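Residue strings, one per chain:
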Amino acid sequence: VRTRIDKDLTTGQVYPLAIDPANLSTTYTWWVDSLEDVPFTERSQFIGDPRHMPYADCFDGGASFPNSYNPYHDNLSNGTNAQSWWPALDAGRLRDGWRGRTEIDYGRYAQLIRESLARSGSLWCTLTGFSYYYVGIGGEIGYDGANNYPNSITVDGAPYGYGAPLTVNNMASAGSSNGRYVKYVREGGGSSWWSQAWLGELYPDSAYATWVTTGTIPSGNATNRFYRTRRSNITANLPAGTSFINTYRRTQTEGSTSIFNIGTSSPHSTFHHQFASGNSTIGGAGLELQSNYNFVLPSSIPTNRPFGVNLSSSGWIGDEYNQAEFPKFTGSILKSYYQKSGSTYGSALVGLTSPNNETAFIVVNGLSQTVELGSSFIGKYSVLALLHSYFETGNPSITNNHELPPRILINSPTEITDIQNPTTIPIQWSAQWKRWDGQKYSGSFSSGYAGNEATLEYVIMYSKDGGKNFLYIQDDSAATPGVRPSSSAYRISDFGVGDETYNWPTPSAGYPEGSYVIRIEGYRVGSNLHYSYHQAKVYIHR
């Protein structure tokens with residue numbers, strides 16, 4: 001639905017020549033045979049004033065996505081209770097901020113992350129500390145004392161109406177008094193205009209010429225200049241019942257509980273971290289992180305943010321926790337790397353399964369932060385835990401396990417094969433259900449584990465220039481390593497259990513004497529991800 005100011009249908013054009021680009025407003029409606037066809041990001045408001053939600057089926061009692069407006073922008077009651085003025089909004093849901101902290105719908109953002117991970121069966125990894133303790137949607141500045149930034153970040157003060165540098169922290173209430181909290185843009189010099197960015201209103205009409213010419217508006221606290229100020233300083237042009245509290249982008253202890261959304265609230269039994277001291281102890285699959293990847297790990301490691309999936313939350317739940325629009329998932333510890341106690345962990349692989357039986361695999365690390373362990377160690381550990389967890393998720397005993405690629409091994413020909421004036425070269429290879437080094441994927445796999453070869457297909461290519469360029473073996477057309485070809489003509493189905501063979505025609509006219517690189521890639525049928533390959537260099541004598 002395109003809406004223009006006035007009748008000139010040439011306006012609203014950005015390129016190649018800008019013609020009043022702001023005159024055009026575009027929105028969408030969805031006519032579908034299933035609600036699942038509507039993109040998730042189109043089902044909710046996420047940010048901004050709920051009174052600006054344009055879709056009737058997203059309000060209270062809506063037929064499609066009820067109560068998917070943003071209830072945390074303002075509670076519509078500031079001495080004047082105007083909640084009843086908008087009966088399409090459920091007054092019981094309206095809040096001055098999610099948990100009184102952030103004006104965005106964090107519950108919906110958490111749902112977006114959670115369901116995206118589960119539906120795609122993704123493997124996800126946090127770094128360390130209290131996961132999801134902060135949230136950013138773009139443009140935030142901030143840090144905290146726990147990470148050795150007690151005064152946050154100092155920036156140029158001009159965009160904030162100051163001539164001197166200013167310490168800014170949008171992520172928390174810490175920092176200088178003027179730099180704290182989320183900021184809105186407003187005009188200086190006593191003007192009452194302020195930006196409503198969620199509507200695309202980024203400048204007043206009076207600044208249109210400047211915006212079109214420069215792409216921005218000048219900073220400063222004066223007439224025709226603009227600066228960032230916290231929400232509580234916006235007091236004009238507000239509807240009845242509305243006054244803004246100062247908000248920040250720190251979800252705190254409830255952030256992780258909302259991401260996982262498991263358990264019950266009475267009695268509280270959810271996922272969350274704890275504030276604690278002491279160490280956690282390596283064990284279980286954690287020992288493999290050390291032995292498999294030649295990475296020395298301490299047997300005991302500082303862990304000040306341990307976590308569990310079935311802990312009493314002591315009220316640490318988000319405002320959306322008991323609402324029907326947020327169905328509960330189930331969580332379980334699949335593999336422990338560092339354990340702190342019987343029910344809390346320093347590092348572990350968590351399975352997060354939806355009511356539709358779709359599972360996300362999340363590596364959670366509650367180890368101490370950078371100032372204690374160092375960023376280099378944290379980065380390396382997180383990568384190794386993620387890599388090893390991928391292998392662990394392939395175990396058939398795990399719900400909704402991943403199908404792991406086999407190890408591809410070219411048996412013949414090899415570098416020492418004597419190939420004399422061939423017209424055809426038989427290429428023989430095997431698919432071994434092991435990782436790259438011929439060992440079990442992980443210690444949890446049985447020694448005789450074998451996957452389903454019927455799910456495999458192969459792509460064979462060769463190179464005449466030492467691997468710089470590759471060609472498909474079927475017709476000598478250009479091939480791209482690591483990319484599963486869309487045409488089935490280049491994909492060879494597995495013939496059954498045991499070695500595979502393909503006869504490669506090599507007439508002397510097309511294959512003169514010289515070195516060739518043979519490359520075989522193994523894919524899972526219908527999947528572009530998680531392939532394996534092996535290359536062998538051979539020499540053809542003529």
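Everything below is about the structure printed above this text.
In this report, the structure presented in the accompanying data block is examined. (Residues numbered from 1 in each chain as written. Predicted model: local features only at pLDDT ≥ 70, side-chain atom pairs only at ≥ 80, totals over all residues. Heavy atoms only, no water.)

1. A few points about the overall build of the protein
A tally of regular secondary structure across the protein gives six helices and 25 strands. Projecting the C-alpha coordinates of the protein onto the three principal axes gives extents of approximately 90 × 65 × 50 Å. Counting every position in the protein, which comprises 542 residues, the buried fraction comes to 45%. As presented, the protein carries roughly 25400 Å² of accessible surface, and 51% of it is formed by carbon and sulfur atoms. (Helix = DSSP H or I, 4+ residues; strand = E, 2+ residues; numbered from the N terminus. Buried < 20%, exposed > 50% of the residue type's maximum accessible area, 1.4 Å probe, protein only. Areas by Shrake-Rupley, 256 points an atom, 1.4 Å probe, with all protein chains shown as cover.)

2. Brief notes about the packing of aromatic side chains
Applying the stated criterion to the full structure yields 42 aromatic pairs. Clustering of aromatic rings is evident, with ring pairs tying together Y293, Y390, F391, W433, W436, Y441, F445 and Y449. Stacked on the ring of W86, the Lys or Arg R51 has its end atom at 4.8 Å from the ring centre. Positioned above the aromatic ring of W436 is the side chain of R435, whose terminal nitrogen or guanidinium carbon lies 5.3 Å from the ring centre. (Phe/Tyr/Trp six-rings, centres within 6.5 Å; stacked < 30°, edge-to-face > 60°. Lys NZ or Arg CZ within 6 Å of the ring centre and 35° of its normal.)

3. Describing the nonpolar core
One finds L297, Y381, I427, W504 and I520 to be the most contacted residues of the largest nonpolar core, which totals 48 residues. When residues of this core are assigned to their parent elements, the largest contribution, seven residues, is made by helix α6 (residues 375–392). Sequence-distant contacts of I520, defined by excluding residues within four places in its chain, comprise I408, I410, I427, W429, Y458, V459, I460, S532, Y533 and H534. Among the nonpolar cores identified, the runner-up in size contains 26 residues, and Y132, V309, F329 and Y345 belong to it. (Core = buried A, V, L, I, M, F, W, Y, C linked by side-chain atoms within 4.5 Å. Contact = heavy atoms within 4.5 Å.)

4. Let's talk about the pattern of salt bridges
Taken as a whole, this structure holds 17 salt bridges when the rule is applied. Across the pair R119 and E36 runs a salt bridge whose closest N-O atoms are separated by 2.6 Å. Of this pair, R119 sits in helix α1 (residues 106–120) while E36 sits in the loop between β2 (24–26) and α1, placing them 83 residues apart in sequence. For E36, a relative accessible area of 45% corresponds to the partly exposed category. With a shortest N-O distance of 4.0 Å, K335 and E392 are connected by a salt bridge. Here K335, found in strand β13 (residues 330–339), pairs with E392, found in helix α6; they are 57 residues apart in sequence, far enough to count as distant. Owing to a relative accessible area of 22%, K335 belongs among the partly exposed residues under this scheme. Residues participating in the shared-partner salt-bridge network are E36, R43, E115 and R119. (Salt bridge = Lys/Arg side-chain N within 4 Å of Asp/Glu carboxyl O.)

5. Focus on unusual backbone geometry
In this chain, Y15 is followed by P16 through a cis amide linkage whose omega measures 0°. Tracing the sequence through the fold places P16 in the loop between β1 (2–4) and β2. Phi angles above zero are rare outside glycine, and F46 is one such case at about 70°. A residue is classified by how much of its surface remains accessible, and F46, at 7% relative accessible area, is buried. Positioned with a positive phi, N357 is a non-glycine residue whose angle comes to about 60°. Mapped onto the elements of the fold, N357 is located in the loop between β14 (345–353) and β15 (359–365).

6. Observations concerning the environment of T210
Mapped onto the elements, T210 comes out in helix α2 (residues 208–214). A C-alpha to C-alpha distance of 41 Å links T210 and R93, two positions 117 residues apart in sequence.

7. As for a nonpolar patch on the surface
The grouping of Y28, W30 and V32 at the surface amounts to a nonpolar patch, some 300 Å² of accessible area in total. Along the chain, the position of Y28 falls in the loop between β2 and α1. (Patch = residues over 30% accessible without salt bridge, like charges linked within 9 Å, V, L, I, M, F, W, Y side chains within 5 Å.)

8. Concerning helix α4 (residues 286–293)
Looking only at α4, the buried set comprises G286, E288, L289 and Y293. Projected down its long axis, α4 shows its buried positions confined to an angular sector of 155°, all on one face. On the buried face of α4, the contacting elements are β10 (279–282), β13 and α6. (Arc of directions from axis to C-beta.)

9. Overview of the side chain of S44
For S44, the location among the structural elements is in the loop between β2 and α1. What makes S44 buried here is its relative accessible area of 10%. Leaving out residues up to four positions away in the same chain, S44 has contacts with M53, S68 and R108.

10. Remarks on the sheet that holds strand β18 (residues 424–432)
Sheet strands pair via backbone hydrogen bonds, and the direction of the pair is either parallel or antiparallel. Strand order in the open sheet formed by three strands is β16-β18-β23, with antiparallel pairing between adjacent strands. Looking at the sheet topology across the chains shown, the edges are occupied by β16 (407–412) and β23 (500–505). The average angle at which neighbouring strand axes cross in this sheet is 30°, direction not considered. Here β16 pairs with β18 via five bridges, running antiparallel. Bridge assignment links L409 to a residue of β18, and that residue is S430. (Pairing = 2+ DSSP bridges. Axes fitted to C-alpha atoms, helices over the stretch in contact; angles between N-to-C directions.)

11. As for the packing of α4 against α6
Where α4 contacts α6, the axes come no closer than 10 Å and their chain directions differ by 105°. Between α4 and α6, the crossing angle belongs to the class labelled roughly perpendicular. Where α4 abuts α6, its residues E288, L289, N292 and Y293 lie against Y381, L384, A385, L387, H388, F391 and E392. Considered class by class, the residues forming the contact of α4 with α6 number seven nonpolar, two polar and two charged. (Parallel < 35°, antiparallel > 145°, perpendicular 65-115°, else oblique. Nonpolar A, V, L, I, M, F, W, Y, C, P; charged D, E, K, R; others polar.)

12. Let's talk about the pairing of strand β24 (residues 514–524)
The buried fraction of β24 amounts to ten of the eleven residues, a majority that puts the element mostly inside the structure. Sheet topology note: the strand β19 (residues 456–463)/β24 ladder contains eight bridges and is antiparallel. Note that in β24 the partner of S463 across the bridge is V517.

13. Describing the environment of G215
By secondary structure assignment, the location of G215 is in the loop between α2 and β7 (226–230). Among the residues examined, G215 registers a relative accessible area of 48% and is labelled partly exposed. Linking G215 and A88, residues 127 residues apart in sequence, is a C-alpha distance of 37 Å.

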